[in-house]
Every structure is written in structure tokens, then in C-alpha cells.
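Commentary on secondary and tertiary structure
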Amino acid sequence: MPTFTLVFLLLLALVLLTQLWLGQRQVRYVQRHRRAVPDAFRRRLPLKAHRKAADYTVAHARFDRVENIVGVALLLFWTLGGGLDALDRAWRTLEWDPLTAGAAFLLSAMLLMGLLELPLGAWRTFVIEQRFGFNRITPRLFVTDQFKKTLLLLLIGAPLAFSVLWLMRETGELWWLYAWVLWTGFTLFLIWAYPTLIAPLFNKFRPLKPGSMRRRIQALLRRTGFRSSGIFVIDSSRRTSHGNAYFTGFGRNKRVVFFDSLLASLREKEIIAVLAHELGHFKRGHITQRLMLTTVLSLAGFALLGWLMGQEWFYAGLGMRQSSPHAALMLFVLTGPVFSYFLQPLFASYSRRHEYEADRYAAEQTDARDLVNALVRLYRDNARTLTPDPLHSAFYDSHPPAAARIAHLASLI
């Protein structure tokens, strides 16, 4: 067995075992604390809601284990099982231009992978979410969404794949630098285009109605120096009863967006506090910092891929008989998460620090008690557990645990 194959298999097994172990810790910890509401929330959250959140978390954790095992099986099928190699040879038999065949290989591989993973997504939506009363999407709308996503993949992915492959073939040893510039520009374009060109394909956006809340939001935006193209409400309740708020885009194309389910759940002061938290990410430079981090990491990734593309052991060790730019790109995308898995706690910690900073900013702009009340309502309405396993949370969660976050806000009152 090639050395790289052995390294890949050992690391893949270690990742899977870690995922299963952390998932089991989460299940046991949440079930152990299911019987009583934590002291910090005892006056704010009924026991029934706490138990629902625990059961909801356990259901997702158990299904995560199934997804992890299926994901490893599919990864082995595509790599060492010869799936990608067979797909590559099938396209080569057509004797198309290498760039066209390579782009077709990439797109068809992505479409097939999405199709194989579709039953898991459907089960999570129509079984788990349905069981706990969160799902509102119909089978027809679910299929329509998948069709739109596929169409977007073809319309956006085809030109991008063709362009990257052209750079890999025609620009010499520094192709990875040019490809990184293209990728960075493409990412910025998507951030700019998402609010007005992509998101409206899936949700209806309507301006927030005039009234006291709109005036208070506009006053908050002026006070914080946030300029946007408008304040909008989306019909998220067509798909889920979960609530959220966010802003998206950049430059003059920024939008403040509320889920209609959020507006139905929270009081006016609480909505303002939630928005102040989101604006905290903007004012503290978190959006720019994350974009810069992503840009640096993508540069390192392209540089690494530039080196791996010339290594025959990379292809042979992952089940590809013939080396090619499109094979290197697909293998890198597929196996990259395995080799970077244990960096995940670092990124999660980085994100949680930003959440604390955004909470502090919200407490400066509004009453911290309003944000506490809003968070408790969101924990209740979204069935977010108040008692996650500390190690599982440290490894995965982009937001601080509920108790730690509420305690931090309480210190700011």
C-alpha cells in the first residue's frame, strides 16, 4: 500500500472516531442535564422547553453520526474505490477538448455527490425538523430549491471551473497565484451579488413596514454609521419556524434582513438589540477580518495545490490512475477537510471571541437586558440546548454556550 494512502486512511479513521466520540459525549451530556433547567435560566425558561431543546439536540447529534459514517463511505468510494477515476475515464472516452472535458468532470462529480447526499438532507428536513415542529417546507418546494441550486451550480460553476482549469494549464508554474486572484474576485462578486441576485431566487424580500420599529432601526443605523440599501423582511416561515437576522453584501449593496418568524417572536426592543449585535460584527471589523483570513487561507491552499499537482503519489495514493489538473483540483477539494479537521477548534474559538465582542457592542448601543431576553427567547423558539457538552462545544460551536454568553451579558448590565 502506498505511504500516502496509508496516511490518508489512518487520518480518516482518526477523524471519524473523533467525530463519533464527540457526538456520543454530546448525547450523554445533554441527556444528563435534561431533567432540570440550569439555574441561570430557571425563571426565564420552562422545563418543557428545556427538555424539547435537549431532545432536539440529541436527535441531531445521533443523525450526525449517521452522516459522518456515510460521508466517510462516500469519500472512500470516490477516491480509493475508483469512483472519480471511473468518471474521469468516462469523460475521456468522448475525446473532447481537455478543458471542456475537465470542466464537465468537475461539474458532473459535484452534481453526483449532491444527488447521493440528498436523501440525508431530506431526512433531516422531513423527519427530524418535522418531528419537532420546525419544518414548513413542502416536498414540492424542497425539490424546487434543489433544482434552483443545481441551475446556479451550472450557470456559475461552469465558467469558473473552465477559467481555473485554463489558468492551471496555460499560465505556468505560478498558475496557483493567478487562480487565487480569480477565486478572490469571484468570492467578492458573490458577496456583492447575493443580496439582490441570488437570495431573491429562494425568498421574497419586502421592505420593513413604516412604524416605530423602522424608525428606531434607522436611528441605530445612523448612530453606528452603517449604510445599507434597505431594511428587509424575508418569508423564511415558508421553510422553517427558526428565527434569525443578518446583514449581507458590501458597499452600497448591503442589506439588513430579518426573518419574518423572528419579528413574530421578539418584542421591538429585543429586535433592536439583536440588530445591534449584528452591527457589532460590522463595527468591530469582524467581517473584514474573516474575509482577510479566508483570503490568506485560500492563498495557502492554492499554493499547496500547485505543489501537489506535480506529485504522482498524490493521484495514485487517492485512487486516480491518470494525473490531470481537474483530478488534482477535485481530490484536493474532497480530501482537504480530512487534513484540516483538527484545526476546527481554532476557528470556532476565533468565531466565539467575535460573538463576545459583538455582544459587548450591542450592550453599549442598547440595554443588555433586552439582548438577554432576546437570546433566551431564541434559545427557546429554536430549541437550542442550554447544556452542550463543553468539549463538543469547544470543537464545533461558532457561538459561546448559552450560560457563558448570558453571564457575559449580565456582567455588562
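Scroll up a little and you will see the structure.
So, a few notes on the structure that sits alongside this text. (Residues numbered from 1 in each chain as written. Predicted model: local features only at pLDDT ≥ 70, side-chain atom pairs only at ≥ 80, totals over all residues. Heavy atoms only, no water.)

Overview of the overall build of the chain
Quick reminder of the rule: The way it works is that DSSP assigns letters per residue, a run of H or I at least four long becomes a helix, a run of E at least two long becomes a strand, and they are numbered from the N terminus. Here's how the labels work: a residue is buried when its accessible area is under 20% of the maximum for its type, exposed when over 50%, partly exposed in between, all with a 1.4 Å probe on protein chains only. Residues count as neighbours in contact if any of their non-hydrogen atoms are within 4.5 Å of one another. Here the open area of atoms and residues is found with the Shrake-Rupley method and a 1.4 Å probe, where only the protein chains shown may cover a residue. In summary, the charge assignment counts Lys and Arg as positive and Asp and Glu as negative, without counting His or the chain termini. By convention, the charge on Lys lies at NZ, on Arg at CZ, on Asp at CG and on Glu at CD.
Within the chain one finds 16 helices and 4 strands. Across its three principal axes, the chain shows a C-alpha extent of roughly 65 × 50 × 40 Å. Residue burial in the chain is summarised as follows: out of 413 residues, 46% are buried. A separation of at least 24 residues holds for 78% of the contacts in the chain among residues at least 6 apart in sequence. Carbon and sulfur atoms make up 62% of the accessible area of the chain, which amounts to about 21,200 Å² in all. Computed over 50 positive and 28 negative side-chain charges, the separation of the two mean positions in the chain equals 10 Å.

With respect to the pattern of salt bridges
Side chains that carry opposite charge are capable of pairing whenever their charged atoms lie near each other. Inclusion rule: Salt bridges are counted wherever a side-chain nitrogen of Lys or Arg sits within 4 Å of a carboxyl oxygen of Asp or Glu.
Scanning the entire structure with this criterion turns up 18 salt bridges. Ionic pairing is found between Asp 381 and Arg 380, a salt bridge with its closest N-O pair at 2.7 Å. Exposure remark for Arg 380: the relative accessible area of 34% places this residue in the partly exposed category. One network of salt bridges, in which partners are shared, links Asp 64, Glu 67 and Arg 124.

Quick notes on the pairing of strand E4 (residues 255-259)
For clarity, the threshold we go by: In this scheme, strands are said to pair when DSSP sees at least two bridges between them.
Judged by how many residues are buried, E4 sits mostly within the fold: 5 of 5 residues are covered. Here E4 shows a buried face lined by Arg 255, Val 257 and Phe 259 and a second buried face lined by Val 256 and Phe 258. As judged from the 4 bridges shared by strand E2 (residues 231-234) and E4, these two strands associate in the parallel manner. Across the sheet, the residue bridging to Phe 232 is Val 257, located in E4. Sheet analysis places strand E3 (residues 245-248) next to E4, joined by 4 bridges and oriented antiparallel.

Description of the nonpolar core
Rules: Working definition of a nonpolar core: buried Ala, Val, Leu, Ile, Met, Phe, Trp, Tyr and Cys residues. They are joined through side-chain atoms within 4.5 Å.
If you look at the biggest cluster of nonpolar residues, it comprises 46 residues, and the most contacted ones within it are Leu 84 and Met 330. Contact partners of Leu 84, with chain neighbours within four places excluded, come to Trp 78, Phe 105, Ala 109, Met 113, Met 320, Met 330, Leu 331 and Leu 334. In terms of nonpolar packing, the next biggest core, distinct from the first, is built from 41 residues, Leu 45, Met 213, Ile 231 and Ala 276 among them.

Structural notes on the packing of aromatic side chains
Stated precisely, the cut-off is as follows: When the centres of two rings from Phe, Tyr and Trp lie within 6.5 Å, Trp using its six-membered ring, the rings pair. Their planes under 30 degrees apart give stacked, over 60 give edge-to-face, and anything left gives tilted.
Inspection of every chain in the model, using the stated rule, returns 18 aromatic pairs. Their ring planes at 65° and their centres at 5.0 Å tell us that Tyr 56 and Phe 134 sit as a pair that is edge-to-face. Of this pair, Tyr 56 sits in helix H2 (residues 47-78) while Phe 134 sits in the loop between helix H4 (98-131) and helix H5 (139-170), and the two are 78 residues apart along the sequence. Given the relative accessible area of 4%, Tyr 56 is considered buried. For Phe 134, a relative accessible area of 2% gives the class buried. Pairing Phe 314 with Tyr 315 gives two aromatic rings, centres 5.8 Å apart and planes at 70°, and the pair type is edge-to-face.

Focus: empty space enclosed by the protein
The condition is simple: A cavity here means a set of points on a 1 Å grid, drawn over the protein atoms and nothing else, where a 1.4 Å probe fits but cannot get out; a pocket is an open set with protein on both sides within 12 Å along at least five of seven lines, and a residue lines either one if it has an atom within 4 Å of a point. Grid points are joined across faces, edges and corners, and a volume is the space filled by probe spheres set on the points. Three residue categories are used. Nonpolar comprises Ala, Val, Leu, Ile, Met, Phe, Trp, Tyr, Cys and Pro, charged comprises Asp, Glu, Lys and Arg, and polar comprises the others, including Gly.
Summed over the entire model, instances satisfying the criterion amount to 1 cavity of 30 Å³ or more. One number sums up the size of the largest cavity: a volume of about 60 Å³. Lining the largest cavity are Trp 183, Thr 184, Thr 187, Leu 188, Leu 291, Thr 294, Thr 295 and Ser 298. Put simply, the parts of the chain that give the lining of the largest cavity at least two residues each are helix H6 (175-198) and helix H10 (286-308). For the lining of the largest cavity, the residue count by class is 3 nonpolar, 5 polar and no charged.

Quick word on H4
What counts here: Take the number of residues in a helix, subtract one, and multiply by 1.5 Å to get its expected span. One fitted axis covers the seven residues ending at a residue, a second covers the seven starting there, and the bend at that residue is the angle between these axes. Two N or O atoms count as a polar contact when they lie within 3.5 Å, although within protein this holds only if one can serve as hydrogen donor and the other as acceptor, and sequence-adjacent residues are included solely when both atoms are side-chain atoms.
Under the 1.5 Å per step criterion, the end-to-end length of H4 is 49 Å for 34 residues, consistent within 8% with the ideal 50 Å. Helix geometry: H4 is bent most strongly at Glu 117, by close to 40°, with proline Pro 119 lying one to four residues after it. The N-terminus of H4 is capped by Asp 97, whose side-chain oxygen sits 3.0 Å from the backbone nitrogen of Leu 99. A positive backbone phi angle near 80° is found at Gly 133, which sits one or two residues after H4.

Considerations on the layout of surface pockets
Taken as a whole, the second largest pocket holds about 670 Å³ of empty space. Lining of the second largest pocket is provided by 24 residues; of these, Gly 71, Val 72, Leu 75, Glu 117 and Leu 334 occupy positions nearest its centre. If you tally residues by element for the lining of the second largest pocket, the top one is H2, at 9 residues. When grouped by side-chain class, the residues that make up the lining of the second largest pocket number 16 nonpolar, 5 polar and 3 charged.

Focus on the environment of Leu 9
Note that Leu 9 resides in helix H1 (residues 3-32). Leu 9 sits 67 residues away from Leu 76 along the chain, and the two C-alpha atoms are 9.0 Å apart. Setting aside its immediate chain neighbours within four residues, Leu 9 contacts Met 1, Leu 76 and Leu 80.

Here's the deal with the side chain of Ser 108
Examined against the element boundaries, Ser 108 turns out to sit in helix H4. The contact partners of Ser 108, leaving out residues within four places of it in the chain, are Leu 87 and Trp 91.

Focus on a nonpolar patch on the surface
The condition that has to hold: Residues enter patches when their relative accessible area tops 30% and they take part in no salt bridge; the joining distance is 9 Å for like charges and 5 Å for the nonpolar side chains Val, Leu, Ile, Met, Phe, Trp and Tyr.
A contiguous nonpolar patch, built from Leu 188, Phe 189, Trp 192, Leu 197 and Phe 250 and spanning about 460 Å² of accessible area, is present on the exposed surface. Within the fold, Trp 192 resides in helix H6.

Details of the packing of H4 against helix H12 (residues 325-340)
To keep it simple, the criterion reads: As a rule, the C-alpha atoms of each element are fitted with a line to give its axis, helices using only the stretch in contact, and angles between N-to-C directions run from 0 to 180 degrees. If an angle is under 35 degrees, it is roughly parallel; if it is over 145, roughly antiparallel; if it lies from 65 to 115, roughly perpendicular; otherwise it is oblique. Handedness of each helix crossing follows the sense of rotation of the near helix against the far helix: counterclockwise by less than a right angle gives left-handed, clockwise gives right-handed.
One can describe the packing of H4 onto H12 by two numbers: an axis separation of 9 Å at closest approach and a directional angle of 25°. As judged from the angle between their axes, H4 and H12 are roughly parallel. For the pair H4 and H12, the crossing hand works out as right-handed. Here H4 contributes Gly 102, Phe 105, Leu 106, Ala 109, Met 110 and Met 113 to the contact with H12, which in turn contributes His 326, Ala 327, Leu 329, Met 330 and Leu 334.

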